[in-house]
Amino acid sequence: MGDGVGDSAAPTAQAALDAVQRYPREAIAVARRVLATSADPDECSTAERAIGLALRELNDLPGALRHLRRALRAADSPRVAALARMSLGYVLANLGRTSAALAAVTAALPKLSGADAGRARMQRGVVLHYRGQFEEAARDYTIAVEIAQREGDLLLEARARNNRGLLHAYRGAAPGADDDLQRAASIFARLGLDLAAADARWNIGIAAGHGGDVPGALRRFAAVAEEYARLNVPRPALLLDRFELLLSVPLVEEAVEVAATAVRELRRRGMASDLAEALLARARAALLAGDPETASATAAQARVRFRRQGRRTWAAFARHVELRAAVRRGIRSPVLLAALIRTANQLDAAGWPDPALTSRIEAARLAAELGRTAQATALLAVAARARHRGTASRRVQGWYALALARRLAGDERGGARALRRGLAVLDGHRAALGATELRAHSGAHGQELAAEGLDIAIRSDAPAEVLAWTERWRANALRTRAVLPPQDPELAAALAELRMVSAALEEALLAGRPVHALRRRQAGLEQRIRELARGVPGRGTLVAPPSVRRLAEQLGPAVLVELVAHGERLRAVLVRDGRATLHDLGPLAEALHATRLHRFGLRRLVVTGDSPSARTGVRHAAAMLDRQLFGPLRSRLADRALVVVPIGALHAVAWAGLPTCADRPVTVAPSATAWLHAVRRTAPDGPPVLAAGPRLPAAETEVRLLNEVLPDAKPLIGASATADAVTAALDGARLAHVAAHGTFRADNPLFSTLELADGPLTAYEWERLSRPPGCVVLSACDSGLSGVRPGDEVMGFTAVLLAAGARSLIATVLPVPAELTTELMVDLHRRMADGVPPSVALAAARQRLVATGSGGGLATAAAFVCFGAG
């Protein structure tokens, strides 16, 4: 083998011990040969110890415990017995029995000297680390490093540095963490310890994540995960590190899944210490996902386990989650307030300032609700100190606390200034996130600040300020372009393989063949693509939202209506002729209900066919929604062109199906900022591109008819309409039309697809265009639907194309019938070819189709929406 483990005729227990981190399975085999041939008690003790530590590397903790107890019983000399006791303490700590672990390692220390004493110090540091006694753990790690340097023991130095670096990372001391972890990884690599080096590099990813470098952490994790797979060594506890990173974005749904997987795996392997942390992770994810009942119950389970394990600091963290869940469940009492304050103080004393800060702000808000203004002010004063140091999320919380304190004191303007400072910190954080997905999900961080600022503006009856606060945190992912290098070969290869696998899966489904293996491979490729895309660093800065004056300059005679959710009410800011006005549109729930009825009715017209009752139902729902959204605005709208900026929950409205919108040009934008950027863009001047997907006979007919309208266009039909050919042709085209089957993925809108000759083209691939077409028309069903994330962040083809630089997108928010769609598209392109703007051309083409009098024509016309500049 060449590693010294199995080459000699008489293997030694020390050789087995030396191989534990490099080749744990081979170490077990060597140690068993020693046990079969040796009668020396200390040699047998060392062999049992090697097996126990190797099983620990392989996450078999019950097996590790058995063999380490045998090692202790077999030992003859005090030194060998102390070494066995030291390793036993390490595994006991992993099992959550931290009091017994601390006693075992402390008892071993007096019997050891030199490098052995350094190893015992390091192991005791690990136990103290598990118990949440961070200062004591750091001291023992430092003593271990000093002993290792004095004794010239590189392996001990690397291990102690790795542990100390990880401790620093979790406590937010990134520079010290990086130095220790980089040196540890270097030493491990020099010693040929690939597994230990991989662990240290994984910990560098943890440090990056805790320092706010999410793309850097994701790149590290992805690279090291491949190394673990190569070494064939399971690391289920590392799911918790991935969970922390996902929660920091936050990618809530994925964090919930990872926490559940961690609980399941760690419970199966008997890893009690890590299992308690996984339960806590599950509770935290549930809290963020809006499930306070699950959060409360799971946090209570974790707290009980932590107490049994003697981990008082971790128990305080679990209590913190329990108490926050109680607040979310609507509990308001002095007892809960006292518990929140007590837990915040405990977490501060234990060296966990971030959850302490959150608890203190929660306590202050509760105190204010209970009428204890002085107590709330005092709590917020302490919390506000965090605005000057720490990670971006911590500084944001500090500015939020200051804003709340100023509002309590009646200083609304001062509160607004503090909120702006907090959002500015978040802008810097978001600009560093390159991937659209990460930037879209990061909108959750600013929700509380933006909502507080919006509340100030609405209470002040200041329309321009309401617009500014709404824009401040709406669709911010579109305020900087996604950064996906078009030449990234690994990402391109993964996307190409996903296309092939997805095509094979579709073919197997149609043929009735088994698809389990293909589905598993598809899921694995999607995860790989997400990781590669997320690991791209951001660049540039977020652009400030526009003023009313700047909007008015571009609107001309058109009117902009921006919808705003404020508590349970729906409001609108209307901008016309350089002036903004604020309007109350009634209960938000009523608008959402009417939207669902309208979409259902239109879908029914297409799917089940036309009928007088179906048309009556659609008109009734349209009138109800139209009356609420536009009734209070009607006198100011007149017959002008309209730009609508909806709230996230209304992005799927079929606007052209509403009476107010039916006969006028209507443009829909994710935000006023995104609309303004789109209007100011200059479209490329390359020839138009017309593409038809497979299994859709009407698509080829549509493209051939459009080619007659656009003779200079490049048609891609049949086998020539591959994903690579279509994306290459799109780059630099002034216009693109794609007629293909579309699939919207609500779970991850960036995997929404258009089916082409060689398989599906995902939204991820549109991000790779360096010069997207000026106007894109997608006639596929549901191609204009978007997933909506906190902060009204939209994800899907609309977001990708507008962020990439397209001026306009015409797409559908409902299923559409083929023949009527072709008729509408030919009319649309004929008008645009004559120089008519997209939104104006679409309005005229829709009116002509509706005039035919059929329910299908009504539904088809309503389904198409013009997004972007119009």
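Report on the accompanying structure. Starting afresh in each chain, residues are numbered from 1 along the sequence in its written order. Local features are withheld for residues below a pLDDT of 70 in this predicted model, meaning they are given only at 70 or higher, and side-chain atom pairs are given and counted only at 80 or more; totals for whole chains, interfaces and linings count all residues. Hydrogen atoms and water are omitted, and side-chain values are computed over all heavy atoms in the structure.

**Remarks on helix α4 (residues 61–74)**
To keep it simple, the criterion reads: Elements are defined by DSSP. Helices are runs of H or I of four residues or more, strands are runs of E of two residues or more, and each kind is numbered from the N terminus. For a helix, the expected span equals 1.5 Å multiplied by the residue count minus one. Note on classification: 1.4 Å probe, protein chains only; a residue is buried when its accessible area is under 20% of the maximum for its type, exposed when over 50%, partly exposed between these limits. Every residue pair with non-hydrogen atoms within 4.5 Å of one another is taken to be in contact. Whenever two N or O atoms come within 3.5 Å, that pair is a polar contact, provided that in protein one can donate a hydrogen and the other can accept it, and provided that, for residues adjacent in sequence, both atoms are side-chain atoms.
Spanning 14 residues, α4 covers 20 Å between terminal C-alpha atoms, matching the ideal 20 Å at 1.5 Å per step. Along α4, the positions that sit buried rather than exposed are L61, G63, A64, L65, H67, L68 and A71. Buried residues in α4 make contact with α3 (41–57), α5 (78–94) and α14 (252–269). Its side-chain oxygen 3.1 Å from the backbone nitrogen of G63, D60 forms the N-cap of α4.

**Some points on the side chain of R164**
With respect to the element layout, R164 can be found in helix α9 (residues 154–170). When sequence neighbours within four positions are dropped, the list of residues in contact with R164 reads Y141, T142, V145 and D180.

**Overview of the environment of G657**
If you trace the backbone, G657 turns up in the loop between β4 (642–645) and α32 (659–662). Here G657 falls in the buried class, since its relative accessible area comes to 16%.

**Points about the pattern of salt bridges**
The following threshold applies: By salt bridge we mean one thing: a side-chain nitrogen of Lys or Arg within 4 Å of a carboxyl oxygen of Asp or Glu.
Scanning all chains against the criterion turns up 37 salt bridges. Between D455 and R407 there is a salt bridge whose closest N-O contact spans 3.1 Å. Note that D455 is positioned in helix α24 (residues 447–459) and R407 in helix α21 (residues 392–408), a separation of 48 residues in sequence. For D455, a relative accessible area of 15% puts it in the buried group. Put simply, E157, R161, R164, D180 and R183 are held in one network by salt bridges that share partners.

**Observations concerning the side chain of R640**
Tracing the backbone shows R640 in the loop between α31 (634–637) and β4. Engagement of the side chain of R640 in a polar contact is seen with the backbone oxygen of P557, the distance being 3.0 Å. Look past the residues within four positions of R640 in its chain and what remains in contact with it is P557, V559, R576, D577 and R664.

**Some details on the pairing of strand β15 (residues 808–812)**
Going by this rule: A strand pair is defined by DSSP finding two or more bridges across the two strands.
Burial analysis of β15 places five of its five residues in the buried class, the great majority of the element. Every second residue of β15 is oriented toward a common face, with S808, I810 and T812 on one face and L809 and A811 on the other, all of them buried. As paired strands, strand β12 (residues 775–778) and β15 are joined by three bridges and run parallel to one another. Residue pairing in the sheet places C775 in a bridge with S808 of β15. Taken together, the five bridges between β15 and strand β16 (residues 864–868) define a ladder with antiparallel strand orientation. Within β16, the residue paired with S808 across the bridge is G868.

**Side note on helix α2 (residues 24–37)**
Side chains that are three or four residues apart share a direction in an α-helix, a result of its 3.6 residues per turn. Note the threshold: The directions from the helix axis to the C-beta atoms are what the arc is built from.
The terminal C-alpha atoms of α2 lie 20 Å apart, and with 14 residues this matches the ideal 20 Å at 1.5 Å per residue to within 8%. Those residues of α2 that fall on the buried side of the exposure criterion are P24, A27, I28, V30, A31 and V34. All buried residues of α2 lie within an arc of 170° about the axis, which places them on one face of the element. For α2, the exposed residues lying more than 90 degrees away from the buried face are R32, A36 and T37. Elements in contact with the buried residues of α2: α1 (13–18) and α3.

**Observations concerning unusual backbone geometry**
Positioned with a positive phi, D577 is a non-glycine residue whose angle comes to about 55°. Along the chain, the position of D577 falls in the loop between β2 (569–576) and β3 (579–587). Located in the positive-phi region is A638, a residue other than glycine, with phi close to 50°. Exposure remark for A638: the relative accessible area of 42% places this residue in the partly exposed category.

**Some details on the packing of aromatic side chains**
Rule in force here: The pairing test for Phe, Tyr and Trp rings, Trp by its six-membered ring, is centres within 6.5 Å, and the orientation test on the planes gives stacked under 30 degrees, edge-to-face over 60, and tilted for anything in between.
Inspection of every chain in the model, using the stated rule, returns six aromatic pairs. For the pair F134 and W352, a centre-to-centre distance of 5.7 Å together with 55° between the ring planes defines the contact as tilted. One end of the pair, F134, is in helix α8 (residues 134–151); the other, W352, is in the loop between α18 (334–349) and α19 (353–369), and 218 residues separate them in sequence. Residue F134 is classed as buried on the basis of its relative accessible area, which comes to 5%. Summarising the aromatic geometry, the rings of F317 and W352 are spaced 4.9 Å apart at their centres and angled 65° between planes, so their arrangement reads as edge-to-face. With F317 in helix α17 (residues 312–328) and W352 in the loop between α18 and α19, this residue pair connects regions lying 35 residues apart in the sequence.

**Digging into the sheet that holds strand β11 (residues 759–762)**
Ordered in space as β9-β10-β11, the three strands form an open sheet in which the pairing is antiparallel. Strands at the two margins of the open sheet, each flanked by one partner only, are β9 (742–743) and β11. Two elements, β9 and strand β10 (residues 753–756), share two bridges in a ladder whose sense is antiparallel. Residue T743 lies in a different strand from β10, and its bridge partner there is T753.

**Let's talk about the packing of α5 against helix α7 (residues 114–131)**
The cut-off we apply is this: Whenever a helix is involved, its axis is fitted only over the stretch in contact; in every case the axis is a line through C-alpha atoms, and angles between N-to-C directions fall within 0 to 180 degrees. These descriptions rest on fixed angle ranges, namely under 35 degrees for roughly parallel, over 145 for roughly antiparallel, 65 to 115 for roughly perpendicular, and the rest for oblique. Should the near helix be turned anticlockwise from the far one by less than a right angle, the crossing is left-handed, and should it be turned clockwise, the crossing is right-handed.
Remark: α5 packs on α7, axes separated minimally by 9 Å, with the N-to-C direction vectors making an angle of 20°. When the interaxial angle is binned, α5 and α7 end up roughly parallel. α7 is crossed by α5, and the crossing has left-handed handedness. From α5, R79, L83, M86, G89, Y90, A93 and N94 reach across to α7, where they touch D116, R119, A120, Q123, V126, V127 and Y130.

**Overview of the nonpolar core**
To keep it simple, the criterion reads: Residue types Ala, Val, Leu, Ile, Met, Phe, Trp, Tyr and Cys, when buried and joined through side-chain atoms within 4.5 Å, form a set referred to as a nonpolar core.
Core analysis: the largest hydrophobic core is formed by 104 residues, its most contacted members being L563, L629, W655 and W766. No other element matches helix α30 (residues 612–630), which puts six residues into this core. Not counting residues up to four positions away in its chain, the partners in contact with W766 are L730, V738, L754, L761, V776, L778, F797, V800 and L801. Ranked by size, the runner-up nonpolar core spans 80 residues in total, among them L95, V127, A137 and M271.

**Concerning the environment of A523**
Mapped onto the elements of the fold, A523 is located in helix α27 (residues 516–534). A523 sits in the partly exposed class, given a relative accessible area of 43%.

**Quick look at the sheet that holds β3**
Ordered in space as β3-β2-β1-β4-β5-β16-β15-β12-β8-β6-β7, the eleven strands form an open sheet in which the pairing is mixed. Edge strands, defined here as strands with exactly one partner in the open sheet, are β3 and β7 (714–716). Each strand of the sheet is rotated relative to its neighbour by a mean of 20°, with strand direction disregarded. Looking at chain direction, strand β6 (residues 689–692) and β7 are connected through three bridges and run parallel. Looking across to β7, one finds that A691 is bridged to L716. Across the sheet, α30 lies against β1 (559–566), β2, β3 and β4, angled at about 135° from β3, the strand it touches most.

Such coordinate-based values are descriptive only and should not be taken to indicate function.
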